[in-house]
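Report on the structure
Listed here are the chains, written in short residue letters.
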Amino acid sequence: MTAKQPQRFHFDRLETPIGTALLVTDDQGFLRALDWSDYETRLHRLLRRHYGDYALEKAPAPEIITAALTRYFAGDLAELKKIRWKTNGTPFQRKVWTELQKIRAGKTSSYGAFAALLNVPNAARAVGLANGSNPVSVVVPCHRLIGADGSLTGYGGGLARKEWLLAHEGAALGKRARS
């Protein structure tokens, strides 16, 4: 019996106004993960959780991904829709991540309202856990979920980044981050 080979991905970095983004892509040009250099440990934890054994090789991310992200950060918010992504995850997680893309830039939803939208009104915590396991942040806009009282709660890249992303997208920000 031969040992299973680790899944191989490409690894690149992209400078953005809110820090260095870490980009993990595959041979087919799909974004598999986007995280931040100051959270690289979490990136590796999420990759292990989603793919088991994996190997990263330094290689440029596809131009369509880096160009779309660069234009997004320059103000062309629709560019995120051009990025093809693929992840592993439970069926519920993938449903949450797919539905998150339907929240338009400049809009937000609470975890509870989003759970109700998914027809699981008592699953706000499960939505929060799936949101926190999102390996392709920004592209799958987990930053658009906020607390029921309008507060900025929980963001894997840090609440300052969440606040910046929402302000960049033109979201009306009520309450500040909860500590």
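Everything in this summary refers to the structure shown in the same document. Please read these numbers as outputs of a predicted model, since none were measured by experiment.

1. Let's talk about helix H1 (residues 40–51)
Taking 1.5 Å of rise per residue, the twelve residues of H1 would be expected to cover 16 Å, and the 16 Å separating its terminal C-alpha atoms lies within 8% of that figure. Residues of H1 that are buried include every one of Arg42, Leu43, Leu46, Leu47, His50 and Tyr51, and no others. For H1, the angular spread of the buried residues around the axis is 140°, confining them to a single face. In H1, the exposed residues that point more than 90 degrees away from the buried face are Thr41 and Arg49. Those residues of H1 hidden inside the fold are in contact with strand E1 (7–16), strand E2 (19–25), strand E3 (31–36), strand E4 (54–58) and helix H3 (91–100). Count one or two residues on from H1 and you reach glycine 52, which has phi positive near 70°.

2. Some thoughts on the packing of aromatic side chains
Across all of its chains, the model carries three aromatic pairs by this definition. Taking the centre distance of 5.9 Å and the plane angle of 35° together, the rings of phenylalanine 73 and tryptophan 164 count as tilted. Linking phenylalanine 73 in helix H2 (residues 63–73) with tryptophan 164 in helix H6 (residues 159–168), this pair joins segments that are 91 residues apart in sequence. Aromatic rings pair up to connect Tyr72, Phe73 and Trp164 into one cluster. Cation over ring: arginine 84 sits above phenylalanine 30, and NZ or CZ is 4.1 Å from the ring centre. Between lysine 86 and the ring centre of phenylalanine 30, over which it is positioned, the NZ or CZ distance is 4.5 Å.

3. Re H3
Gln93, Val96, Trp97, Glu99 and Leu100 are the residues of H3 that are buried. The arc that holds every buried residue of H3, seen down its axis, measures 165°, which confines them to one face. In the core, the buried residues of H3 are packed alongside H1, helix H4 (111–117), helix H5 (124–132) and strand E6 (145–146).

Quick notes on the rules
- Residues numbered from 1 in each chain as written.
- Predicted model: local features only at pLDDT ≥ 70, side-chain atom pairs only at ≥ 80, totals over all residues.
- Heavy atoms only, no water.
- Helix = DSSP H or I, 4+ residues; strand = E, 2+ residues; numbered from the N terminus.
- Expected span 1.5 Å × (residues − 1).
- Buried < 20%, exposed > 50% of the residue type's maximum accessible area, 1.4 Å probe, protein only.
- Arc of directions from axis to C-beta.
- Contact = heavy atoms within 4.5 Å.
- Phe/Tyr/Trp six-rings, centres within 6.5 Å; stacked < 30°, edge-to-face > 60°.
- Lys NZ or Arg CZ within 6 Å of the ring centre and 35° of its normal.

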